[in-house]
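The lines below spell out each chain.
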Amino acid sequence: MLPGPVIIKKCGECEGLMKENSLLSGNTFGAIFWTDGEMFAPMLPEQYRLIKCPRCGALLWSEELEVIAEIELHELSDNPIAAPDIKKPETEDYYNKISDEDNDPAKEKYLRVKFLRLSNNCRRGGQRIPLSETEKNNHFRLIEILDTSDNGELILKAELYREMGKFNDAESILNKIDDPDFSDTIKCIKEKIKVKDPFVAEIGESEL
């Protein structure tokens with residue numbers, strides 16, 4: 001993992017400054033993958049598209065903010081800036097932001113997938129917690145908007161059906177996919193379908 005410069009950005013609401021760490025390179029060595037597409041990678045920290053202003057709490061798209069400065073790590077001691085770190089949004093922030101992006105399908109999809117994966121965090125330790133009504137609504141909408149020409153999104157669609165207990169629908173989708181890049185994910189989801197298990201599951205650890 002190779003960190004990049006610290007980026008100083010201006011909030012589009014309160015105009016306060018904030019610091020955002022960047023990443024030049026990373027890898028998935030030791031990463032843990034899950035059936036909902038989540039990945040926990042110690043050598044590839046997430047770069048958040050949606051951030052929360054540490055000053056006013058506004059939810060902002062990082063790529064749309066004005067960049068004030070980029071400071072290399074070795075220059076930080078000579079360039080002290082009184083700017084707090086960006087805050088990462090809470091689970092509910094992603095869902096609440098959806099209504100602001102009705103005319104941007106790509107942003108809606110991003111927000112809904114993030115909400116899906118963050119909501120599933122409570123189940124990653126083996127807890128068998130049923131889906132909330134909000135989660136079910138999110139599942140239904142994601143099934144509608146996922147790109148069926150993309151194998152990754154098609155597999156996620158199957159996973160959503162499985163998590164809702166619609167095992168036949170999930171299996172029907174997976175049987176149409178022949179893609180070695182997703183063989184471990186497909187195998188894991190099918191194994192869970194066989195035993196009628198609707199909960200998110202760990203696929204395994206990357207050795208790459």
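Preceding this section is the structure that the text describes.
Residues numbered from 1 in each chain as written. Predicted model: local features only at pLDDT ≥ 70, side-chain atom pairs only at ≥ 80, totals over all residues. Heavy atoms only, no water.

Here we look at helix α4 (residues 151-163)
Logical step 1: If you check α4, its first and last C-alpha atoms are 18 Å apart, about what 13 residues at 1.5 Å a residue would give, namely 18 Å.
Logical step 2: The element α4 is largely enclosed, with a buried count of 11 among its 13 residues.
Logical step 3: Taken as a whole, α4 has its buried residues at E153, L154, I155, L156, K157, A158, E159, L160, Y161, R162 and E163.
Logical step 4: On its buried face, α4 is in contact with α2 (105-119), α3 (133-145), α5 (167-174) and α6 (183-194).
Logical step 5: Structurally, the start of α4 carries an N-cap: the backbone nitrogen of G152 is 2.9 Å from a side-chain oxygen of D150.
Logical step 6: Once α4 ends, the next one or two residues include G165, with phi positive near 80°. (Helix = DSSP H or I, 4+ residues; strand = E, 2+ residues; numbered from the N terminus. Expected span 1.5 Å × (residues − 1). Buried < 20%, exposed > 50% of the residue type's maximum accessible area, 1.4 Å probe, protein only. Contact = heavy atoms within 4.5 Å. Polar contact = N/O pair within 3.5 Å; in protein donor to acceptor, adjacent residues only side chain to side chain.)

Remarks on the packing of aromatic side chains
Here the distance between the centres and the angle between the planes together describe a pair of aromatic rings.
Logical step 1: If you walk through the whole model with that rule in mind, you get 4 aromatic pairs.
Logical step 2: The interplanar angle of 75° and the centroid separation of 6.5 Å between the aromatic rings of W34 and F40 together place this pair among those described as edge-to-face.
Logical step 3: Of the residues examined, W34 reaches a relative accessible area of 8% and is grouped as buried.
Logical step 4: Accessibility expressed as a relative area gives 38% for F40, which makes it partly exposed. (Phe/Tyr/Trp six-rings, centres within 6.5 Å; stacked < 30°, edge-to-face > 60°.)

Some points on the nonpolar core
Logical step 1: L142, L160, L174 and I177 are the most contacted members of the largest nonpolar core, which totals 22 residues.
Logical step 2: Within the residue set of this core, elements represented by two or more residues are α2, α3, α4, α5 and α6.
Logical step 3: In terms of residue count, the dominant contributor to this core is α4 (6 residues).
Logical step 4: With near-sequence residues (within four places) excluded, I177 lies in contact with N151, L154, I155 and I186. (Core = buried A, V, L, I, M, F, W, Y, C linked by side-chain atoms within 4.5 Å.)

Regarding α6
Logical step 1: The terminal C-alpha atoms of α6 lie 17 Å apart, and with 12 residues this matches the ideal 16 Å at 1.5 Å per residue to within 8%.
Logical step 2: Within α6, burial applies to T185, I186, C188, I189 and I193. For α6, the arc enclosing every buried residue in end-on projection is 165°, short of the 170-degree limit, so these residues lie on one face. Exposed residues on α6 whose side chains face more than 90 degrees from its buried face are D184, K187 and K194.
Logical step 3: The first or second residue beyond α6 is K196, which carries a positive phi of 55°. (Arc of directions from axis to C-beta.)

Quick word on the side chain of R124
Logical step 1: By secondary structure assignment, the location of R124 is in the loop between α2 and α3.
Logical step 2: You can call R124 buried: its relative accessible area is 12%.
Logical step 3: Reaching out from R124, the side chain makes a polar contact with the backbone oxygen of R117 at a distance of 2.8 Å.
Logical step 4: Among all residues touching R124, those that are not within four sequence positions of it are W34, D36, E38, F40, R117 and V200.

Structural notes on the sheet that holds strand β1 (residues 2-10)
Two orientations exist for strands paired in a sheet by backbone hydrogen bonds: parallel and antiparallel.
Logical step 1: With antiparallel pairing, 3 strands are arranged side by side in an open sheet as β2-β1-β7. This sheet does not close on itself; its edge strands, each paired only once, are β2 (17-25) and β7 (66-71). The sheet shows a mean angle of 30° between the axes of neighbouring strands, direction not considered. (Pairing = 2+ DSSP bridges. Axes fitted to C-alpha atoms, helices over the stretch in contact; angles between N-to-C directions.)

A word on the state of the cysteines
Logical step 1: Using the criterion set out here, one finds 0 disulfides in the structure.
Logical step 2: No disulfide involves C53; its nearest neighbouring cysteine sulfur is the one of C56, lying 3.7 Å away. (Disulfide = S-S within 2.5 Å.)

What about the pattern of salt bridges?
Logical step 1: Per the stated rule, a full pass over the model turns up 17 salt bridges.
Logical step 2: Ionic pairing is found between K9 and E20, a salt bridge with its closest N-O pair at 2.7 Å. A residue pair is termed long-range when its members are at least 10 positions apart, and K9 in strand β1 and E20 in strand β2 qualify at 11 residues. Neither K9 nor E20 differs from the other in exposure class; each is buried.
Logical step 3: The residue D100 makes a salt bridge to K97 at a minimum N-O spacing of 3.8 Å.
Logical step 4: The class for D100 is exposed, based on a relative accessible area of 52%. (Salt bridge = Lys/Arg side-chain N within 4 Å of Asp/Glu carboxyl O.)

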